[in-house]
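# Overview (structure and organization)
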Amino acid sequence: MNRKNYIWALGILFASLCAALTACVDINDVDGTTPAVPTVNITIDAKKLRDGNEIGENAGVYEFPPDSAANVSLNNLDNNQVVFVHLNLSGGRIEARPVSSWKTSADSSSNRTLLQPGQDAAQAYQPEVTRMEYMPARNFTPPEGIAALPAQRRSLTARTALTENDYTVDDSKKTFWVQTSKWYEIEATLRYKSEFCFVWVADENYDSAGNGEFDDNKITSSQAFTLGEKFNTIYEKETAILGYEPGGGPDGDGGIDGLKPVQIFVYDIDADYKKTQTGGVLGYFWAKDLYTQTFWNSNNNGYKSNEAEIFYLDCHILDKFPSYQYSTLIHEFQHMINFNQKYKLADKSSATWYDEMMSMLAEDLIDEFIDIPLDNGGHPVMGRIPLFLSEYSKSGVNEWVSDRIISYSTAYAFGAFLVRNFGGPELLKEMMNNGEVDEKSVVNAVNTLTGGKWTFNELLVKYPEAFVFNLQNDKHYTFNKTVSANINGIDYTYKAFDITTITRSTRASGKGQYFYPSSDEFSVRPNAFLAVSNSQWESISGNMTLNLQQPLKDTRVFLILK
């Protein structure tokens, strides 16, 4: 159904559902400044709403009038769950108070006994490894004017006289600048070499005896070999869909170091190793290395450049939790490609949420090529969705809050929703290659692939449906959809996942979405949503009446029936 007919059909449905629209004397101020508003009486036939009739993909979804309170009669429920969703499009946080409240006088035939939040005996899910950002790299701002250089000068290089043939495994040595509280150099030896990468391991973190211990902070030649082989696969799959790093590709000049292989340096990031360590900075890409040391010296800002297309991996995590580091290779490589495709070639600077979303979508797509399934903690589905299921209201999809691990989860969930409903692997490709960043890149990519005229807010309106619904059908937006495409001769697949089977990592332990109780006060970040339900609103058959307060400005409220 086209958009014009959809709007017309929704208007007809609204008219048929309303028993009366009656202005009342109802002083229902939210904060003392909201003027009196009319209260409308709305009757909804649950069966018609769930069946969808002419509203197709929005079956089970009803949006309330924006400037009215409402008395709602919900009839003909048939073993349904009632969910109210608040979507905050205001641009500011809604602070710790209900947008809406309800009173129920349920005529319900349900006799199901449900556990209250917190009563579920299941243990909360905790991944093996806690991922942290490397803040110096995250906070790096490219110097002004560099992106405007002519394309043929953008390698910013002082060429080395060495070629790939001059490097020998277990023989060639190199020092790398790293930083904790100060800059210092670490000596490393080349432990793997291929067409696509060099793997350097810090000498102090190399296991020359090859004893195979997995908590000694040392990497063997065999582990370096496996890492390099994994990256070879990653390089071919990731560049085929996203494009190349600076200086990469068949026609590339090798970038700042003049070498086609990407450099990977394995060392003890932040010097924080201990045998019991299960988290920290897993790896990072830092764009300062794409500029010469001479350039940084002239700017007098203290940066030390390794003058290479390089990213860094933590040796302990690689030693003990290798699947996390193989996925990290995909993640950090996207950052490197993103810098080239967006900043150097398109003169655009990506916001953190967008760049991180793209990296996690790359992991989601390419992990299967290196044998990391969806149920592995190194995969973003299990690495990010458990936290999203309970903390989704605490970070908008396009912001980066102080509790950054929540923003990782919401950015990934939004991206996972987009690719599974608006174009699959081709959407990721289009977002990278459309010359835009952030919200504009998302919207342009969606409209290019769908032929639609979506806005970012319209995409946000559909997003909560994927949180509530989990069925594999064409009536609803969902995460539970597999989407494939052949791109440059490679078959890529985003696999379906059912969020109701995933154990939450916080709040009431258990599986699936956390619905906030209707009696709770809450806070919702801008461009985030909150879903409200309770045990009395599940498996209801019969009738239900509710009272809906006037929503705050720029907050959209939906009734969703499961």
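Residues numbered from 1 in each chain as written. Predicted model: local features only at pLDDT ≥ 70, side-chain atom pairs only at ≥ 80, totals over all residues. Heavy atoms only, no water.

### With respect to the environment of W537
So the rule is basically this: By the criteria applied, helices consist of DSSP H or I runs no shorter than four residues and strands consist of E runs no shorter than two, each listed in order from the N terminus.
You can see W537 is positioned in the loop between β16 (528–532) and β17 (540–548). Residues W537 and S518 lie 19 residues apart in sequence; the distance between their C-alpha atoms is 9.7 Å.

### Regarding unusual backbone geometry
Definition in use: Three exposure classes are used, based on accessible area relative to the maximum for each residue type with a 1.4 Å probe and protein chains only: buried under 20%, partly exposed in between, and exposed over 50%.
The phi dihedral of D347 falls on the positive side, at around 55°, and the residue is not glycine. Turning to its location among the elements, D347 is positioned in the loop between α7 (322–344) and α8 (352–366). You can call D347 partly exposed: its relative accessible area is 41%. Positive phi values are uncommon outside glycine, yet D438 reaches one of about 60°. Note that D438 resides in helix α12 (residues 438–450). Exposure remark for D438: the relative accessible area of 14% places this residue in the buried category.

### Quick word on the nonpolar core
This is how the line gets drawn: Side-chain atoms within 4.5 Å link the members of a nonpolar core, which is a set of buried Ala, Val, Leu, Ile, Met, Phe, Trp, Tyr and Cys residues. Two residues form a contact once any of their heavy atoms are found within 4.5 Å.
F265 and M357 are the most contacted members of the largest nonpolar core, which has 154 residues in total. Apart from residues lying up to four places away in sequence, F265 is in contact with F176, V178, I186, A188, W200, V201, A202, I310, F311, Y312 and L313.

### What about the sheet that holds strand β9 (residues 197–202)?
Let me state the cut-off plainly: The pairing criterion for strands is at least two bridges between them, as found by DSSP. Working convention: axes come from line fits to C-alpha atoms, limited for helices to the stretch in contact. Angles between N-to-C directions cover 0 to 180 degrees.
Strand order in this open sheet of 6 strands is β7-β8-β9-β10-β13-β12, and the pairing throughout is mixed. Single-partner strands in this sheet number two, and they are β7 (173–179) and β12 (283–285). Ignoring strand direction, the axes of neighbouring strands in this sheet form an average angle of 30°. With 5 bridges connecting them, strand β8 (residues 183–193) and β9 associate as antiparallel partners. Paired with Y192 across the two strands is V199, which belongs to β9. Of the strands in this sheet, β10 (262–267), β12 and β13 (310–314) touch α7, which is tilted by about 155° from β13.

### Side note on the sheet that holds strand β18 (residues 555–561)
Spatially, the 4 strands line up as an open sheet ordered β2-β18-β4-β16, and their pairing is antiparallel. Two strands lie at the open edges of the sheet, namely β2 (61–63) and β16, each paired on one side alone. Taking each pair of neighbouring strands and ignoring which way they run, the sheet shows an average axis angle of 25°. Pairing of strand β4 (residues 82–88) with β18 involves 7 bridges; the strand directions are antiparallel. Bridged to V85 within β18 is F558. Contacts between helix α13 (residues 456–468) and the sheet are confined to β2, β4, β16 and β18, with β4 contributing the most and set at about 145° to the helix.

### Points about the pattern of salt bridges
Note that side chains of opposite charge can pair when their charged atoms are close. Basically, it comes down to this: Any Lys or Arg side-chain nitrogen located within 4 Å of an Asp or Glu carboxyl oxygen qualifies as a salt bridge.
All chains considered together, the criterion is met by 16 salt bridges. Between E133 and R404 there is a salt bridge, with the nearest N and O atoms lying 2.5 Å from each other. In this pair, E133 is assigned in the loop between β6 (130–132) and α3 (135–138) and R404 in helix α10 (residues 404–421), connecting sequence segments 271 residues apart. By relative accessible area, E133 is classed as buried at 10%. Overall, R404 belongs to the partly exposed group, its relative accessible area being 31%. Put simply, E399 and R525 hold a salt bridge, and the shortest N to O gap is 2.7 Å. Remark: R525 occurs in the loop between β15 (490–494) and β16 and E399 occurs in the loop between α9 (380–391) and α10; sequence separation between them is 126 residues.

### A closer look at the packing of α8 against α12
To keep things clear, this is the line we draw: Here the word oblique covers every angle except those under 35 degrees (roughly parallel), over 145 (roughly antiparallel) and from 65 to 115 (roughly perpendicular). Just so you know the grouping, Ala, Val, Leu, Ile, Met, Phe, Trp, Tyr, Cys and Pro go in nonpolar, Asp, Glu, Lys and Arg go in charged, and all remaining residues, Gly too, go in polar.
The interhelical angle for the contact between α8 and α12, taken along N-to-C directions, is 50°, at an axis separation of 8 Å. For the element pair α8 / α12, the angle class is oblique. Residues W353, Y354 and M357 of α8 touch α12, and the partners they reach there are D438, E439, S441 and V442. Split by residue class, the contact of α8 with α12 holds 4 nonpolar, 1 polar and 2 charged.

### Observations concerning the confidence of the model for the protein
Definition in use: Confidence of the predictor at the level of single residues is given by pLDDT, which spans 0 to 100.
Residues with a pLDDT of 70 or more make up 82% of the protein, whose mean pLDDT is 83. Low pLDDT, under 50, characterises residues 1–34; the stretch is placed with 52 contacts to residues that sit more than four places away or in other chains. Overall, residues 148–159 carries pLDDT values under 50, and its contacts beyond four positions in sequence, including any with other chains, amount to 29 contacts.

### Things to note about the pairing of β13
For β13, a buried count of 5 out of 5 residues is recorded, marking the element as mostly surrounded by other parts of the structure. Burial along β13 is two-sided: the face carrying I310, Y312 and D314 and the face carrying F311 and L313 are both buried.

### A look at the packing of aromatic side chains
This is how it is decided: A pair of aromatic rings is counted whenever rings of Phe, Tyr or Trp (Trp by its six-membered ring) have centres within 6.5 Å, and the orientation is called stacked for planes under 30 degrees apart, edge-to-face for over 60 and tilted otherwise. The rule is short: NZ of Lys or CZ of Arg within 6 Å of the ring centre and within 35 degrees of the ring normal puts a charge over the ring.
Counted under the stated rule, the structure contains 59 aromatic pairs. With a centroid separation of 5.5 Å and 20° between ring planes, the pair formed by F422 and Y477 is classed as stacked. Here Y477 lies in the loop between α13 and β14 (483–487) and F422 lies in the loop between α10 and α11 (425–433), a separation of 55 residues in the sequence. Judged by relative accessible area, which is 4%, F422 ranks as buried. The positively charged end of K288 is found above the aromatic ring belonging to W286, 5.0 Å away from the centroid. K304 extends its terminal NZ or CZ atom over the ring of W177, reaching a point 4.8 Å from the ring centre.

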